[in-house]
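Okay, here's what each chain looks like letter by letter:
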Amino acid sequence: MAAVFTCAACGLVYELALVALGSYLVGNSVTQASIVLSVMVFAMGVGSLAAKPLQRHPVTAFALVEAALAMTGGLSVLALYAAFAWLDLYVPALVVVAFVVGALIGAEIPLLMTLLQRIRRQDAGSAVADLFAADYVGALVGGLAFPFLLLPVFGHIKGALVVGVVNAVAGIAVVLWLFRRQLGRGVRAGLWAGMAGVLAVLGATYALADGFEVTARQALYRDPIALAERTPYQEIVITRKAAVSGRRDVRLFLNGDLQFSSVDEYRYHESLVHPALAGARGSVLVLGGGDGLALREVLRYRDVREVTLVELDPEMLRLARTYRDLADLNGHAFADPRVRTVEADAFSWLRGASRRYDAVIVDMPDPDDVSTAKLYSVEFYGLVERVLAPGGRMVVQAGSPYFAPRSFWCIEKSIRAAGLATVPYHVDVPSFGDWGFVLAAPGAARPPLALASAAPPLRFLDSDVLRAAAVFGKDLRHRDVDVNTLAHPRLVDYENQEWRDA
């Protein structure tokens, strides 16, 4: 029963590891979870049927199944990481790995039932109750251990390898202990050698895992990686490249998506911030923007009295304050006494917000999964509208109207559905391409797209650029799209389809 408990915990960890890895690498956590869980549950049924002939030799069969499961599950994350980094075969590899792991997990149950009956004869109902009680409790422990222990302490690759070791010991050792008298000397020696081989492979891979992860991660990025950290919320990567001219290109990536390049980020952040601050700007709210670059632009106005910045990831804020490349780029904006930071989910924080702001700047990552799509929903913009002061303005980064036009106009339409008048505009940011924003204000009157008379000197934006920015080519104008809501996150489908096609 202890083996049942442990193997169930290991099996659930393998499932969660595959789901979490896909969410980090590909995004769209709902799709990743659906693929992994549906394939694994189907494979468990196949594995249970395939185990029928093995019940004639349940002791040896169970040990071999556990050895194969420990090896496959332990190496699964590493194999998928390699498939993503070098082969561009992530989804096919995910289906194969999920099926193999699921089939092996499915084969455990009938073999365990047979072994249980050899130890203690009991009626079928009682045996099933005991077996599944241990199985489900083990799944609970494994499910809680993954996010709270394995992932933060060991990381994805090493965490799966550690679980593989536990799986091998629990599965093979219990056979060699409880059923050693039912095994011939040669079989026992073979199982001992097999367990030693599995542990040796997993142990050697564990020792090499850090080097593999560095090499695989670097294969995903064009420039040398200067910093890589995985937080409970995202993977943060900063790359740095020095040109012959001496100009450095520092880039920030979150979960593999480019957030800015130091070469041209001023184009993006000037276009995001300054049109929204053309009106009242005594108090400003920044949602997202944990790198501090939008904050830097806000603080250039001396009549801004206070700025509240809401960022989910505390590690992103720490890096923006202390990591030299980021702190230099944002002008050490977080040291300004006018700034107050809040470590919270913007959606949840807005629900409890009571004060009002003259301007709200929404600088969120692209909505490629449900967790970020809620920050582009009608409900979210309704919460923002509630905290806007009379005459206030909101601006939202809305993606590329060229590469993802349906996504762009879905965001614009969702803002209008929340009761705000909108002005969409777009500019060229070389690192991103054609990039769009939506300026909005409560009521029916569209806010003018202009710069404040007190605007500081800008490198890119001026009145002529803004006039041109409001014009969209015939091929980029309004599309027939649905609004994005919490109940119907249409934006996720638009994003994934358009950026995949791009």
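Residues numbered from 1 in each chain as written. Predicted model: local features only at pLDDT ≥ 70, side-chain atom pairs only at ≥ 80, totals over all residues. Heavy atoms only, no water.

Q: Provide a residue-level description of the pattern of salt bridges, including the pertinent values.
A: The full count for this structure, using the stated rule, is 25 salt bridges. A salt bridge links Lys 158 to Asp 210; its shortest N-O distance comes to 3.0 Å. Residue Lys 158 is located in helix α5 (residues 124-178), and its partner Asp 210 is located in helix α6 (residues 185-219); the two are separated by 52 residues in the primary sequence. Accessibility expressed as a relative area gives 15% for Lys 158, which makes it buried. When salt bridges that share partners are traced, they join Glu 213, Arg 217, Arg 230 and Glu 235 into one network. (Salt bridge = Lys/Arg side-chain N within 4 Å of Asp/Glu carboxyl O. Helix = DSSP H or I, 4+ residues; strand = E, 2+ residues; numbered from the N terminus. Buried < 20%, exposed > 50% of the residue type's maximum accessible area, 1.4 Å probe, protein only.)

Q: So what's going on with α5? Which residues, and what values?
A: The end-to-end C-alpha distance of α5 is 21 Å, clearly below the 81 Å that 55 residues give at a rise of 1.5 Å each. Maximum bend of α5: about 110°, positioned at Gly 155. (Expected span 1.5 Å × (residues − 1). Bend = angle between axes of the 7 residues up to and from the residue.)

Q: Which residues make up the pairing of strand β5 (residues 283-288), and what values do they have?
A: Here β5 lies mainly inside the structure; six of its six residues are buried. Sheet analysis places β5 next to strand β6 (residues 306-311), joined by five bridges and oriented parallel. When the bridges of β6 are listed, Val 284 appears paired with Val 307. A crossover connection joins β5 to the parallel β6 through helix α8 (residues 293-298); in handedness this β-α-β unit is right-handed. As defined by bridge partners, β5 adjoins strand β8 (residues 357-363) across five bridges and the pair is classed as parallel. For Val 286, the partnering residue across the bridge sits in β8 and is Ile 361. (Pairing = 2+ DSSP bridges. Right-handed = clockwise from strand over helix to strand, strands pointing away.)

Q: Now, about the layout of surface pockets: what can you tell me, with residues and values included?
A: One water molecule sets the probe size; rolling that probe over the atoms shows where empty space is left. In this structure, the second largest pocket encloses a volume near 280 Å³. Together, 15 residues line the second largest pocket, and Ala 8, Glu 15, Met 44, Ile 105 and Asp 135 are the ones closest to its centre. Every element with two or more residues in the lining of the second largest pocket is listed here: α1 (2-25), α2 (29-50), α4 (90-119) and α5. Grouping the constituent residues of the lining of the second largest pocket by class yields nine nonpolar, three polar and three charged. (1 Å grid on protein atoms, 1.4 Å probe; cavity = no way out; pocket = protein on both sides within 12 Å on 5 of 7 lines; lining within 4 Å. Points joined across faces, edges and corners; volume = space filled by probe spheres on them. Nonpolar A, V, L, I, M, F, W, Y, C, P; charged D, E, K, R; others polar.)

Q: Talk me through the sheet that holds strand β4 (residues 257-261); I want residue IDs and the actual numbers.
A: Strand order across the open sheet formed by four strands is β1-β2-β3-β4, with antiparallel pairing between neighbours. One side of each edge strand has no neighbouring strand; the edge strands of this open sheet are β1 (225-230) and β4. Pairwise comparison of adjacent strand axes, ignoring direction, gives a mean angle of 15° for this sheet. Sheet analysis places strand β3 (residues 248-254) next to β4, joined by four bridges and oriented antiparallel. Note on β4: the bridge partner recorded for Arg 251 is Ser 261. Strand contacts of α6: β1 and β2 (235-242), with the helix running at about 110° to β1, the strand carrying the most contacts. (Axes fitted to C-alpha atoms, helices over the stretch in contact; angles between N-to-C directions. Contact = heavy atoms within 4.5 Å.)

Geometry only, nothing functional implied.
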